[in-house]
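Here are the chains, one letter per residue:
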Amino acid sequence: MEQLAVFGGTPVRGTPIYYGRQCIEQDDIDAVAQALRSDLITSGPRVEALEGRLCELTGAKYAVVVANGTAALHLAALAAGFGEGDEVIVSSITFAASSNCVLYCGAKPVFADIDPETYNVDPEAVRRLVTPRTRGIVAVDFTGQSVEQDTLQEICREHGLVYIEDAAHAIGTRYKGTAIGSIADMTCFSFHPVKTVTGGEGGAITTNDEQLYRRLMRLRTHGITRRQEEMAHPTDALWYNEQVELGFNYRMTDFQAALLLSQLGKLSKFSARRKEIVKRYDQAFSQMPELIVQREIPESDTTRHLYVLRLNLEKLTCTRRQFFDALYAENTCPQVHYLPVYWHSYYEKLGYGKGLCPNAEAYYESSMSIPLYYAMTDEDVEDVIHAVQKVVEYYRR
Ligand SMILES: *Cc1c(COP(=O)(O)O)cnc(C)c1O
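Since the structure is predicted, the reported quantities are computational estimates derived from the model, not experimental observations.

Quick notes on the packing of helix α10 (residues 320–329) against helix α13 (residues 378–395)
- Across the interface, α10 lies against α13 with an axial gap of 10 Å and an inter-helix angle of 135 degrees. The angle between the axes of α10 and α13 places the two elements in the oblique class. Two packed elements cross with a definite hand, and for α10 against α13 that hand is right-handed. Here Gln322, Phe323, Ala326 and Leu327 of α10 lie close against α13, whose contacting residues are Ala387, Val388, Val391, Val392 and Tyr395.

This is how it looks when you write it as structure tokens:
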């Protein structure tokens, strides 16, 4: 860490600024406290209200709220019917959960390369990977920017694939005016604290398909149903419920739902501020040839979850590691999103090897996410820009 002698000696700011952070205000706390005083504290009326709110926001017919985003992906993959012998095409630059959900079902993830400028999955790479064993795709709206929905939908229609969208980054984003959540067969959301709105933990699946909806609802609670038409031994006895398949307990509590209902009321202000910060960053960094700004497709009106700083390494004397450590020493704490999923040692053991997705690998070697969250002040934003500038100037070739 030799650069510590230069960076961090006189920090640009006193307190570290992290890449993401929740915003919890007094009314959020009041909503949770009120929920805790009610009779039902596990899934109750607030979970139902949250499902209604998500339908309104996304335009989807149905929403199923679950414990976290990973549970949402797991249930979506099960409801899609993925299983032994099936292949599912997955974005290569994403959080491991997007691909783990395929493994949970016994199916095989097949990694598609990214577009080198948008960092979203390249639809043509997806098309090339389709085989007679392909059953579906899991496409990630990386950083919040919508994937190329039209082409992906066309590929799915052509080959009879189930389209699962991992929109963990993308609540509030629209594609050609349509809200994310009503486009894919199933769209999965996460409400982890670094995401745009949070429930502490939390997730949801939205869909327009009633069959999928019924299946998701059942799988969320052990595979148990109270609907006579789903039973092998129907009865109208009030106490009777029947487990008809193997499910899970993936319920969300009512106090988390209370927090989320309160947070969703702030989505437009959260979204507007994120857009403002992204605009300021883009403006500052597009002036520096040592940096590459993420390309935004005109179809996507994006609520950005992550701001990716990509280095043009040919114009810098440092490695990504050195740049990262220097920013860190300046109290601007970046993070890298993400290791190509198949580089994780678990995937390596499954037989995936380096070289599979060259664009994803080049992206990984040159990128990091810098702070982006609602509560950043203008001063915070300028501090980050100054820290980046300082590091760029030091390592300029
Ligand atoms: C956060 C995230 C998930 C997982 O969500 P959890 O709620 O943490 O389980 C899945 N996919 C992506 C792309 C994510 O960013």
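Picking up after the structure, the text goes on.
What to know about the layout of surface pockets
- The computed volume of the largest pocket comes to approximately 360 Å³.
- Together, 25 residues line the largest pocket, and Phe95, Ala168, Ser190, His192 and Lys195 are the ones closest to its centre.
- Mapped by element, the contributors of at least two residues to the lining of the largest pocket are α3 (69–79), α4 (97–104) and β8 (186–190).
- Classifying every residue of the lining of the largest pocket by side-chain character gives eleven nonpolar, eleven polar and three charged.

Remarks on the pairing of β8
- Among the five residues that make up β8, five are buried, leaving the element largely enclosed by the rest of the structure.
- Where burial is concerned, the two faces of β8 agree: the one with Met186, Cys188 and Ser190 and the one with Thr187 and Phe189 are both buried.
- In this sheet, β8 lies alongside strand β5 (residues 162–166) in parallel orientation, the contact comprising three bridges. Considered in β8, the bridge of Asp166 is made with Cys188.
- Note: β8 against strand β9 (residues 203–207), four bridges, orientation antiparallel. Looking at β9, one finds that Thr187 is bridged to Thr206.

Calculation notes
For every chain, the first residue of its written sequence is number 1, and the numbers climb from 1 along that sequence. A pLDDT threshold of at least 70 governs which residues receive local features in this predicted model, and a stricter bar of 80 or more applies before side-chain atom pairs are shown or counted, although totals over entire chains, interfaces and linings include all residues. Water and hydrogen atoms play no part in the side-chain values, which are based on all heavy atoms of the structure. Axes, fitted as lines to C-alpha atoms, cover a helix only where it is in contact. Angles between the N-to-C directions of the axes lie from 0 to 180 degrees. A run of H or I in DSSP counts as a helix once it spans at least four residues, and a run of E counts as a strand once it spans at least two, with each numbered from the N terminus. An angle below 35 degrees is treated as roughly parallel, one above 145 as roughly antiparallel, one from 65 to 115 as roughly perpendicular, and anything else as oblique. In this scheme, a crossing is called left-handed if the near helix is turned counterclockwise away from the far one by less than a right angle; it is called right-handed if the turn is clockwise. The contact definition used throughout considers only heavy atoms, calling two residues in contact when any of these lie within 4.5 Å. In this analysis a 1.4 Å probe is tested at points of a 1 Å grid over the protein atoms alone, and where it fits but cannot get out there is a cavity; an open set with protein on both sides within 12 Å along at least five of seven lines is a pocket; lining residues have an atom within 4 Å of a point. Grid points are joined across faces, edges and corners, and a volume is the space filled by probe spheres set on the points. Polar here means any residue outside two lists: the nonpolar Ala, Val, Leu, Ile, Met, Phe, Trp, Tyr, Cys and Pro, and the charged Asp, Glu, Lys and Arg; Gly therefore counts as polar. The buried label applies to any residue whose accessible area, calculated with a 1.4 Å probe on protein chains only, is under 20% of its type's maximum; exposed applies above 50%, and partly exposed to all values in between. We treat two strands as partners when DSSP finds at least two bridges between them.

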